[in-house]
Amino acid sequence: MTESQNLEPFVQQVRRDILRQVHAVNSGHPGGSLGCTEFFSVLFKEVMQYDINFKPDGENEDIFFLSNGHISPVYYSVLARCGFFDVKELNTFRKINSRLQGHPTTHEGLPGIRIASGSLGQGMSVSIGAAQTKKLNDDEHIVYSLHGDGELQEGQNWEAIMYAGSKGIDNLIATIDHNGQQIDGATKEVMPLNNIKDKFTAFDWQVIEVNDGNDLDQVRNGLRKARQLTGKGKPTVMILNTVMGNGVDYMMHTHEWHGKAPDDELLEKGLAQNPETLGDY
Amino acid sequence: MNTFTNTGNIDTRSGFGAGLSELGDKNKNVVALCADLTGSLKMNDFKKKFPERFYQVGIAEANMMGIAAGMTIGGKIPFTGTFANFSTGRVYDQIRQSIAYSGKNVKLCASHAGLTLGEDGATHQILEDIGMMKMLPGMTVINPCDYNQTKAATQAIADHEGPVYLRFGRPKVPNFTAEDQKFEIGKAQILQEGNDVSIFAIGHLVWEALEAAKALQEKGIQAEVINLATIKPLDEKAVIDSAKKTNAVVTAEEHNYYGGLGESVARTLAQHHPTRQEFVATQDTFGESGKPHELLDKYGLNADAIVVKAEKLLG
């Protein structure tokens, strides 16, 4: 089997986990979660070097920050399926007394999480800080981060992008989930981002584009290439062109499922498109 | 009667700068970040001694707070430096989510707090910062009274695990506390004992409280003067014990009376020993341009104002 064929069952199970988590509490964000499932799967299963015995300080390992915290369902599923905590805990998503808060947080001590996110636009700065500390500690591991494309409308990002380019933060790989959608509609209608690549280039970043961010081979190649670009004096951004809601036909190519859970009938429809592979929680 | 002597006027921000510089020697995990105000914050010495641990972020305070939060991951202790206004109101959400809620060990060091920033005027004179910061769960809030205490507090907060807001100022003010003191977070400092009225003060108003106590003494009123440099966690026992003794309380601060020290004292006493209280604080207003002492006079933040409030209580 190819690497991607090996990973496909994992991806499919994560999609099921996403749908089941949001359905169970009739809330949460399936669209962006599904769009980034392949990215998370490749990153955590194949690319990042980390200790499964979670250490908040993340020393001598690669670390990841999710800036667009609302896509917590995919994050939680992948963390659980990788062994950070029991997959059964996915049952507690967004419920009272849970470590799986609506948006990820360190507050309840969930293994795998090193910063709270949800209020948008803060993760780039945090990632830069963590990358700087790795440099001070002579730790040659990489800091990865993920950001929504709509999230780039938050001004703090541009402070951070300017800083990272100017200061040459070259142990950072930021990924932009470029799905062209946000809550109120298409980003090109709400607040056009225009040419994201040119913007990053102008700020002295190395830019990689992944044409199909839902293709495992392309995501893998993109992340490998990004990794090769580290340590060369510039930060790296990977623009990941994804389809919001990928893998669940009625959720694709629309912003409608950004922050809405499927009802019983649509859940079954979505699950039927992604049969159980590794066992439901 | 108190025996405090002004050993010379000096700015509290210089106490921060000196403390930070010494800290750099003692603790290799301490890093400093500044948003284009290195000179104003007196961080130049640290920058010169430890260039590899000094981060100039430019005029981008939100980014500075996020970077500071990130730098804690891996064991660094970041000290951020900018004016109090840009350390709090401008970046409240970054502090709230990336630092306070995330439980990050960041030290928010804020100069030019209050009216005494002076001529720059109300855009820069924050009088709401204590309120904003003390509202954040887990945040420690400290406003030391002079150079020596600011220097000691700067060093003490490095040993405290968790976010801290350290507030200090621009003008040269009396330096009167001990040179080699150890700052204890959450511990009130009883500067003068008295039975008639308790004066609880912070920051620049502590010296004014001592001056007020002298004036009251001449009128036969024995004031107790307590420096509550740590506003959160408040030394509630010291507040309650003093109020039980005097049954009259004046609070004094360079801050709005909404959200400041006065409210923290009032809440404590309302629960444990309801006491008549007067507030020396700004009265829900913005500041304006002027010399520091002119502003303190105009807005009623000085020894005279404290005396008037004390007499009103004892009236």
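Residues numbered from 1 in each chain as written. Chains lettered and ligands numbered in written order. Predicted model: local features only at pLDDT ≥ 70, side-chain atom pairs only at ≥ 80, totals over all residues. Heavy atoms only, no water.

### Overview of the overall build of chain B
So, step 1. When you go through chain B residue by residue, the secondary structure sums to 12 helices and 14 strands.
So, step 2. For chain B, whose C-alpha radius of gyration is 18 Å, the value lies close to the compact-globule estimate of 20 Å for 315 residues.
So, step 3. Once the C-alpha set of chain B is aligned to its principal axes, its extents read approximately 60 × 35 × 35 Å.
So, step 4. Contacts spanning at least 24 positions in sequence make up 80% of the contacts within chain B whose residues lie at least 6 apart.
So, step 5. Accessible surface, chain B as shown: approximately 11,300 Å² in total, 48% of it carbon and sulfur.
So, step 6. Looking at charge distribution, chain B has the averaged site of its 32 positive side-chain charges lying 5 Å from that of its 37 negative ones. (Helix = DSSP H or I, 4+ residues; strand = E, 2+ residues; numbered from the N terminus. Rg over C-alpha atoms; globule rule 2.2 N^0.38 Å. Contact = heavy atoms within 4.5 Å. Areas by Shrake-Rupley, 256 points an atom, 1.4 Å probe, with all protein chains shown as cover. Lys, Arg positive; Asp, Glu negative; His and termini not counted. Charge placed at Lys NZ, Arg CZ, Asp CG, Glu CD.)

### Regarding the nonpolar core
So, step 1. Counting 70 residues, the largest nonpolar core has Ile128(A), Phe200(A), Trp205(A), Ile95(B), Leu108(B) and Leu228(B) as the members making the most contacts within it.
So, step 2. The biggest single contributor to this core is helix α3 (residues 61-71) of chain B, with seven residues.
So, step 3. Looking at which domains feed residues into this core, each of domain 1 (9-174) and domain 2 (189-314) of chain B supplies at least three.
So, step 4. Of all hydrophobic cores here, the second largest spans 54 residues; its members include Phe84(A), Leu100(A), Leu110(A) and Leu240(A). (Core = buried A, V, L, I, M, F, W, Y, C linked by side-chain atoms within 4.5 Å. Buried < 20%, exposed > 50% of the residue type's maximum accessible area, 1.4 Å probe, protein only. Domains from an automatic or database assignment.)

### Remarks on the domain arrangement of chain B
Residues and elements named next belong to chain B.
So, step 1. We note that the domain assignment places domain 1 (9-174) and domain 2 (189-314) within chain B.
So, step 2. The gap between the C-alpha centroids of domain 1 and domain 2 is 25 Å.
So, step 3. Listed by partner, the interface residues are 33 residues for domain 1 and 32 residues for domain 2.
So, step 4. Counting the surface lost from both domain 1 and domain 2, the interface buries some 2,400 Å², and carbon and sulfur atoms represent 59% of this.
So, step 5. Considering only the side of domain 1, the residues that lose the most area to domain 2 are Leu-115, Leu-127 and Lys-134, jointly responsible for 27% of the buried surface there.
So, step 6. Our count for the domain 1 to domain 2 interface comes out at zero salt bridges.
So, step 7. The interface formed by domain 1 and domain 2 holds 25 residue pairs in polar contact (both at pLDDT 80 or more) in total.
So, step 8. Those elements giving two or more residues to the side of domain 1 that touches domain 2 turn out to be α6 (129-134), β6 (140-142) and β8 (172-174). (Buried area = accessible area lost by both parts, 1.4 Å probe. Salt bridge = Lys/Arg side-chain N within 4 Å of Asp/Glu carboxyl O. Polar contact = N/O pair within 3.5 Å; in protein donor to acceptor, adjacent residues only side chain to side chain.)

### Concerning the packing of aromatic side chains
So, step 1. A full pass over the atoms with the stated rule returns 22 aromatic pairs over all chains.
So, step 2. Centroid distance Phe44(A) to Phe84(A): 6.5 Å. Interplanar angle 85°. Geometry classified as edge-to-face. Of this pair, Phe44(A) sits in helix α3 (residues 37-47) while Phe84(A) sits in the loop between α4 (72-82) and α5 (123-136), placing them 40 residues apart in sequence.
So, step 3. Phe44(A) sits in the buried class, given a relative accessible area of 5%.
So, step 4. With a centroid separation of 4.8 Å and 25° between ring planes, the pair formed by Phe16(B) and Phe168(B) is classed as stacked. Placement of the pair is Phe16(B) in helix α1 (residues 12-26) and Phe168(B) in the loop between β7 (164-167) and β8, with a sequence separation of 152 residues. Taken as a pair, Phe16(B) and Phe168(B) share a single burial class, namely buried.
So, step 5. Taken together, the ring pairs connect Phe39(A), Phe40(A), Phe44(A), Tyr50(A), Phe54(A), Phe64(A), Tyr75(A) and Phe84(A) into an aromatic cluster.
So, step 6. In this structure, Arg20(A) packs its charged tip against the face of Tyr281(A), placed 4.4 Å from the ring centre.
So, step 7. The ring centre of Phe50(B) lies 4.5 Å from the NZ or CZ of Arg53(B), which sits over that ring. (Phe/Tyr/Trp six-rings, centres within 6.5 Å; stacked < 30°, edge-to-face > 60°. Lys NZ or Arg CZ within 6 Å of the ring centre and 35° of its normal.)

### Describing the interface of chain B and chain A
Quite often, the size of an interface is put as the accessible area lost when its parts meet.
So, step 1. Taken residue by residue, the interface counts 26 residues in chain B and 31 residues in chain A.
So, step 2. Of the roughly 2,200 Å² buried between chain B and chain A on both sides combined, carbon and sulfur atoms contribute 51%.
So, step 3. A per-residue breakdown of the area chain B buries against chain A is headed by Ile73(B), Gln97(B) and Tyr101(B), which together make up 29% of the total.
So, step 4. The tally of links between chain B and chain A comes to 19 residue pairs in polar contact (both at pLDDT 80 or more).
So, step 5. Mapped onto the side of chain B that touches chain A, the elements with two or more residues apiece are β3 (54-56), α3 and α5 (92-101) of chain B.
So, step 6. Counting residues per element, the side of chain B that touches chain A draws most heavily on α3(B), which supplies eight residues.
So, step 7. Residues of the side of chain B that touches chain A, tallied by class, amount to 10 nonpolar, 11 polar and five charged. (Nonpolar A, V, L, I, M, F, W, Y, C, P; charged D, E, K, R; others polar.)

### Some points on helix α9 (residues 236-246) of chain B
Residue and element names in this part refer to chain B.
So, step 1. Looking at α9, one finds that the buried residues are Ala-238, Val-239, Ile-240, Ser-242, Ala-243 and Thr-246.
So, step 2. The secondary structure elements touched by the buried residues of α9 are β10 (197-201), β11 (223-227), β13 (249-256) and α10 (261-272).
So, step 3. Just downstream of α9, Asn-247 is the residue with a positive phi angle, here 55°.

### Quick notes on the packing of helix α1 (residues 3-25) of chain A against α3(A)
Residue and element names in this part refer to chain A.
So, step 1. Orientation of α1 relative to α3, taken along the N-to-C sense of each, is 120°, at an axis distance of 9 Å. In terms of orientation, α1 and α3 fall into the oblique class. The element α1 and its partner α3 pack so that their crossing is right-handed. Of the residues in α3, those in contact with Glu-3, Leu-7, Phe-10, Val-11, Val-14, Arg-15 and Ile-18 of α1 are Thr-37, Glu-38, Ser-41, Val-42, Lys-45 and Glu-46.
So, step 2. Per-class residue counts for the contact of α1 with α3 are six nonpolar, two polar and five charged. (Axes fitted to C-alpha atoms, helices over the stretch in contact; angles between N-to-C directions. Parallel < 35°, antiparallel > 145°, perpendicular 65-115°, else oblique. Left-handed = near helix turned anticlockwise from the far one by under 90°.)

### Considerations on the pairing of β7(B)
Residues and elements named next belong to chain B.
So, step 1. Side chains Val-164 and Leu-166 project from β7 onto one buried face, and the interleaved Tyr-165 and Arg-167 project onto a second face that is buried too.
So, step 2. Here strand β5 (residues 107-111) pairs with β7 via four bridges, running parallel. Of the residues in β7, the one forming a bridge with Ala-110 is Arg-167.
So, step 3. Here three bridges tie β6 to β7, and the two strands are oriented parallel to one another. (Pairing = 2+ DSSP bridges.)

### What to know about the side chain of Asn246(A)
All names here are of chain A.
So, step 1. With respect to the secondary-structure elements, Asn-246 resides in the loop between β7 (236-241) and α10 (264-272).
So, step 2. A polar contact is formed between the side chain of Asn-246 and the side chain of Glu-38, at a distance of 2.9 Å.
So, step 3. Residues contacting Asn-246, with those up to four places away along its chain left out, are Arg-15, Leu-34, Gly-35, Glu-38, Asn-214 and Met-252.

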